[in-house]
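The residues making up each chain are set out below.
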Amino acid sequence: WFYDVDQALALNGGDVWSGQRVTPSQLHDLCEMALSTGAPRPVIPQFHPSRRWLWQQWAGTILRRVLPREVLFNTLFATVITGLFRAPGPYGAWRASAVNALMSVDQVWLLASGLVSFTLSFFLTQAYTVWRDV
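Conventions we followed
Residues numbered from 1 in each chain as written. Predicted model: local features only at pLDDT ≥ 70, side-chain atom pairs only at ≥ 80, totals over all residues. Heavy atoms only, no water. Salt bridge = Lys/Arg side-chain N within 4 Å of Asp/Glu carboxyl O. Buried < 20%, exposed > 50% of the residue type's maximum accessible area, 1.4 Å probe, protein only. Helix = DSSP H or I, 4+ residues; strand = E, 2+ residues; numbered from the N terminus. Phe/Tyr/Trp six-rings, centres within 6.5 Å; stacked < 30°, edge-to-face > 60°.

One pass over the structure, following the stated rule, counts 1 salt bridge. Its salt-bridge partner being R69, residue E70 comes within 2.9 Å of it at the nearest N-O pair. A relative accessible area of 60% places R69 in the exposed class.

A few words on unusual backbone geometry. Cis geometry is adopted by the peptide bond preceding P68, which originates at L67 and carries an omega value of -15°. Summarising the element assignment, P68 is placed in the loop between α3 (62-66) and α4 (69-86).

Before going further, it helps to examine the packing of aromatic side chains. Following the criterion strictly, the structure yields 4 aromatic pairs and no others. Centroid distance F85 to W94: 6.2 Å. Interplanar angle 15°. Geometry classified as stacked. The interplanar angle of 80° and the centroid separation of 5.2 Å between the aromatic rings of F122 and F123 together place this pair among those described as edge-to-face. Owing to a relative accessible area of 39%, F122 belongs among the partly exposed residues under this scheme. Taking the relative accessible area as the measure of exposure, F123 reaches 54% and is therefore exposed. By way of ring pairs, the aromatic residues F118, F122 and F123 are connected into one cluster.

As structure tokens, this is what we get:
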């Protein structure tokens, strides 16, 4: 009962609410769910402290989201950029100006790297502590 964004307004008579109307019983159920003090399912999934269960939780992790597609793309992108900057050719002046333009990125990274390192080491330590306790 959600709005179909692929449907043109001319096809539904210019009715912008087409597809969003609900029946009174659906509206009542929606209001009950929005105003209830309980939750139909747990907000935070139950944690089972066993190594086998923990290793089976691959589906929701960041590794599942980034491997192998993003890692492969970033590796190829870095290889191509490195090849462009190291390849001999007539574009030496352009490469030198590009490197100078990227110096500001280097300065920002130097400033942010301390915070990034602290954050990563803190959460890695906490995750390792939880893992060792399991």
